[in-house]
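Coordinate inspection notes
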Amino acid sequence: MPILGIIASGISGNLFTQGAFDSIATTTLGSSTATITFSSIPSTYTHLQLRMYGVSNATNRICIAYNSDTTTSNYNSHYIEGNGSTDYAGNVTGVAGNTYFTQSTTQPFSSIVDILDYANTNKYKVQRALSGNDANGSGTISMYSSLWLNTNAITSLTITITSTTFAANSSFALYGIKAA
Amino acid sequence: MAKDNTYQAIATTTATGSTTSVTLSSIPGTYTDLVLILQGGPGSSGNSLYVQINSDTGSNYSTTDIWGDGTNAESGRTTSATFIRILGRGIGASNNLSNSSVTSFMNYSNTTTHKTLLNRSNPASAGATATVGLWRSTSAITSLTVTSESGNLISGSTFTLYGIKAA
């Protein structure tokens, strides 16, 4: 139950009913790492949310592959993005599910990815992402919608950044959202 | 796997119309991310609400944003600013309660890296905005102050802060 009606500062409560928004797994990197995998994802939720925060050791594209599927023709993405002066939109093919193209090797990026109806075996899977990276004078903000052309339930996520690594202290947290 | 209370309300406050800002303080460091949800507006139409962290009024903030007003889409930037707008940067908000904003403060308690936020805001009848913000500090975030850019916060504006726990 939403609790937006709470009016007294300091009152505690839950945005979701107990156990409706669960932490599945979290990884914080101890050293630079190229690939992060969340496996054995249970199918007991309705949606997944992946929250990423970190620094990339070179600017490049963050992708999410499902169930170890590296056939890039199975993925497609569209995005709208702003770079502080210009807005633009595009379509990306030939790589796994896109979430962002990092812009800085010193300032952290953030990305919140919703993976909808991930366990449904009757439809292709869609992820949407809000991502950004500001470096006090440069950076981008973007919204991606990505499609995985597969009806299998998603049981694993493999997060990569093309041709580089995520720096130490980058964190990746996966949550499950239940239906009523 | 943690099952209980992953997404918790930390505090809620409602503006009375007599102040320009509200502060959510004594934020515990026990979560991974913070989420601030507000519905309300500035005292003067066409302005925004902005956030400052840990009472820092220095030029330590910057943003990159994109917005659309129903006709045009544009992108803008602030550098070495003294705050981060979290309600309709570029298009402004109406001085009523029909504006909404959701801001995630990512990895807010780590003391190694600078802090970023992701914001989506919807000023009533004006458009939609997405913003990434940077606070160039390695301090853990312990307080957030939200201020009306012009006039007092509209009475009835609500500000609710949530914490999301990791596994």
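One can find the structure itself at the top, above this paragraph.
Now for a description of the structure that goes with this document. (Residues numbered from 1 in each chain as written. Chains lettered and ligands numbered in written order. Predicted model: local features only at pLDDT ≥ 70, side-chain atom pairs only at ≥ 80, totals over all residues. Heavy atoms only, no water.)

Some details on the sheet that holds strand β7 (residues 87–93) of chain A
Residues and elements named next belong to chain A. Reading across the sheet, the eight strands line up as β2-β13-β4-β9-β10-β11-β6-β7 and stay open at both edges, with antiparallel pairing between neighbours. Taken across any chain shown, the strands that pair with only one partner, and hence form the sheet edges, are β2 (21–28) and β7. Taken over all neighbouring pairs, the strand axes of this sheet differ in orientation by 15 degrees on average, direction set aside. Where strand β6 (residues 75–82) meets strand β11 (residues 139–148), eight bridges bridge the pair, whose relative direction is antiparallel. Of the residues in β11, the one forming a bridge with Glu81 is Ser142. (Pairing = 2+ DSSP bridges. Helix = DSSP H or I, 4+ residues; strand = E, 2+ residues; numbered from the N terminus. Axes fitted to C-alpha atoms, helices over the stretch in contact; angles between N-to-C directions.)

With respect to the pattern of salt bridges
Summed over all chains, the structure comprises four salt bridges over all chains. Here Arg51 of chain A ties to Asp33 of chain B by a salt bridge, and the two come within 2.6 Å at their closest N and O atoms. In this pair, Arg51 of chain A sits in strand β4 (residues 47–54) while Asp33 of chain B sits in strand β3 (residues 33–39), so the two residues belong to two different chains. The residues Arg51 of chain A and Asp33 of chain B share a single accessibility class, namely buried. Arg85 of chain B serves as the salt-bridge partner of Glu149 of chain B, at 2.7 Å between the closest nitrogen and oxygen. Taken together, the positions of Glu149 of chain B in the loop between β11 (144–148) and β12 (158–164) and Arg85 of chain B in strand β7 (residues 84–85) put the pair 64 residues apart, joining distant regions of the chain. Using a relative accessible area of 27% as the deciding quantity, one classes Glu149 of chain B as partly exposed. (Salt bridge = Lys/Arg side-chain N within 4 Å of Asp/Glu carboxyl O. Buried < 20%, exposed > 50% of the residue type's maximum accessible area, 1.4 Å probe, protein only.)

Considering the sheet that holds strand β3 (residues 35–38) of chain A
All names here are of chain A. Pairing is antiparallel across the open sheet formed by four strands, whose spatial order is β3-β12-β5-β8. Of all the strands in the sheet, just β3 and β8 (97–101) have a single pairing partner and so form its edges. The sheet shows a mean angle of 20 degrees between the axes of neighbouring strands, taken without regard to direction.

As for the interface of chain A and chain B
Across the boundary between the two partners, chain A contributes 57 residues, which contact 53 residues of chain B. At the boundary of chain A with chain B, total buried surface from both sides reaches about 4100 Å², with 56% on carbon and sulfur atoms. For the chain A face of the interface with chain B, the top three residues by lost area are Tyr53, Asp134 and Asn136 of chain A, together amounting to 15%. Our count for the chain A to chain B interface comes out at one salt bridge. Counting every contact that joins chain A to chain B gives 18 residue pairs in polar contact (both at pLDDT 80 or more). Within the residue set of the side of chain A that touches chain B, elements represented by two or more residues are β1 (13–14), β2, β4, β6, β9 (109–116), β10 (125–134), β11 and β13 (171–177) of chain A. Top contributing element to the side of chain A that touches chain B by residue count: β2 of chain A, with six residues. (Contact = heavy atoms within 4.5 Å. Buried area = accessible area lost by both parts, 1.4 Å probe. Polar contact = N/O pair within 3.5 Å; in protein donor to acceptor, adjacent residues only side chain to side chain.)

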